[in-house]
Every structure is written in structure tokens, then in C-alpha cells.
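# Summary of structural features
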Amino acid sequence: IRATGVEYDAERAQAARAKGYSVHTANFLQVAPSPDFDVVLMNPPFTGGADMAHVTHAWRFVKDGGVLVALTSPAWRTANTKAAKAFRELLQVAGAEIEDIPAKTFKHTDIATVLGVMRRPWEI
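Everything in this summary refers to the structure shown in the same document. Since the model is a prediction, treat every value here as computed from it, not as a measurement.

### A short note on the nonpolar core
The nonpolar side chains of soluble globular proteins are, as a tendency, buried together. Core analysis: the biggest nonpolar cluster contains 19 residues, and Val40, Met42, Val55, Trp59, Leu68, Phe87 and Met118 have the highest contact counts within it. Elements with a minimum of two residues in this core: β3 (37-42), α2 (50-58), β4 (62-72), α3 (82-93) and β6 (113-119). With four residues, the top contributor of residues to this core is α3. In this view, Val55 contacts Met42, Pro44, Leu68, Ala70, Thr72, Phe87 and Met118; residues no more than four positions away in its chain are not counted.

Listed below in C-alpha cells is the structure:
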């Protein structure tokens with residue numbers, strides 16, 4: 001198994017590399033997408049709808065038969081922005097499975113989150 005990470009924060013990226021992980025220090029939204037990954041796991045930033053942008057971008061990295069699993073803010077469910085509407089459409093088209101994660105599930109935050117699982121179908 002080969003895993004690759006992308007982390008914007010240089011200290012976090014270095015800490016992960018010190019533990020033996022392959023982590024690039026970069027703005028994920030500026031990484032050129034290539035559908036080479038069987039699995040994409042992510043916990044993107046939530047501020048200002050960044051989670052929607054990151055998940056949308058990450059979907060371009062998932063190869064046929066692959067899966068994307070992401071934590072997001074639940075804000076996209078009710079927001080009337082163009083981005084939120086496009087995100088809801090992407091989730092619907094991708095047949096995303098959505099699960100609510102209650103507030104205080106993660107000890108470092110008391111924010112409710114949503115776990116989304118998107119599966120890219122096999123091309124024949």
C-alpha cells in the first residue's frame with residue numbers, strides 16, 4: 001500500500017514525515033488532479049466552504065472503482081450559495097452515502113460534522 005498526503009501547514013507536514021509518512025507541503029487546491037488513487041481520505045478545512053471545494057477537487061483524483069471518504073461541515077445541506085448547490089448536485093450524482101457525526105464526537109472540537117462516502121463506478 002502506498003499512501004500520499006497533502007498538508008498546507010508545513011509543521012504538520014514535517015511532523016507526519018518524521019513519522020515515516022509521505023506528505024507533500026502544498027495547497028491541495030493547487031495540486032493538479034490525476035485520477036490515480038483507489039482511495040482518498042480527507043478532513044479538509046471547513047471555513048468559508050473550503051470543505052466543498054476540497055472534496056470537489058479531490059473527486060478528480062479518484063480512479064474508476066475508487067472511493068472518496070471525507071469529513072465536512074453540515075453547512076452545505078442548507079446553504080443557498082452556488083457552491084453549496086453544486087456540491088449537493090455532485091453528491092447526488094455520485095450517489096454519496098452521508099452520515100451525520102454528532103458534535104463532541106472528536107475531542108478537539110465540539111462541531112457537528114458529516115461523513116460522506118463517494119464511490120466512482122467502474123468504466124467498461
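Don't stop here, the text continues.
### Some details on the packing of aromatic side chains
With the rule as written, the count across this model stands at three aromatic pairs. Look at Phe37 and Phe61: their rings are 6.3 Å apart centre to centre, the planes differ by 55°, and that puts the pair in the tilted class. Taken together, the residues Phe37 in strand β3 and Phe61 in the loop between α2 and β4 connect sequence positions 24 residues apart. Measuring from centroid to centroid gives 5.6 Å for Trp76 and Phe87, while their planes differ by 75°, and the two rings are edge-to-face. On the criterion of sequence distance, the pair formed by Trp76 in the loop between β4 and α3 and Phe87 in helix α3 is long-range, its members being eleven residues apart. Ring pairing ties together the aromatic residues Phe28, Phe37 and Phe61, which thus form one cluster. Positioned over the ring face of Trp59 is Arg120, at 4.1 Å from the centre of the ring.

### Comments concerning the environment of Ala75
Structurally, Ala75 is set in the loop between β4 and α3. In this structure Ala75 comes out as partly exposed when scored by relative accessible area, which is 45%.

The rules behind these values
- Residues numbered from 1 in each chain as written.
- Predicted model: local features only at pLDDT ≥ 70, side-chain atom pairs only at ≥ 80, totals over all residues.
- Heavy atoms only, no water.
- Core = buried A, V, L, I, M, F, W, Y, C linked by side-chain atoms within 4.5 Å.
- Buried < 20%, exposed > 50% of the residue type's maximum accessible area, 1.4 Å probe, protein only.
- Helix = DSSP H or I, 4+ residues; strand = E, 2+ residues; numbered from the N terminus.
- Contact = heavy atoms within 4.5 Å.
- Phe/Tyr/Trp six-rings, centres within 6.5 Å; stacked < 30°, edge-to-face > 60°.
- Lys NZ or Arg CZ within 6 Å of the ring centre and 35° of its normal.

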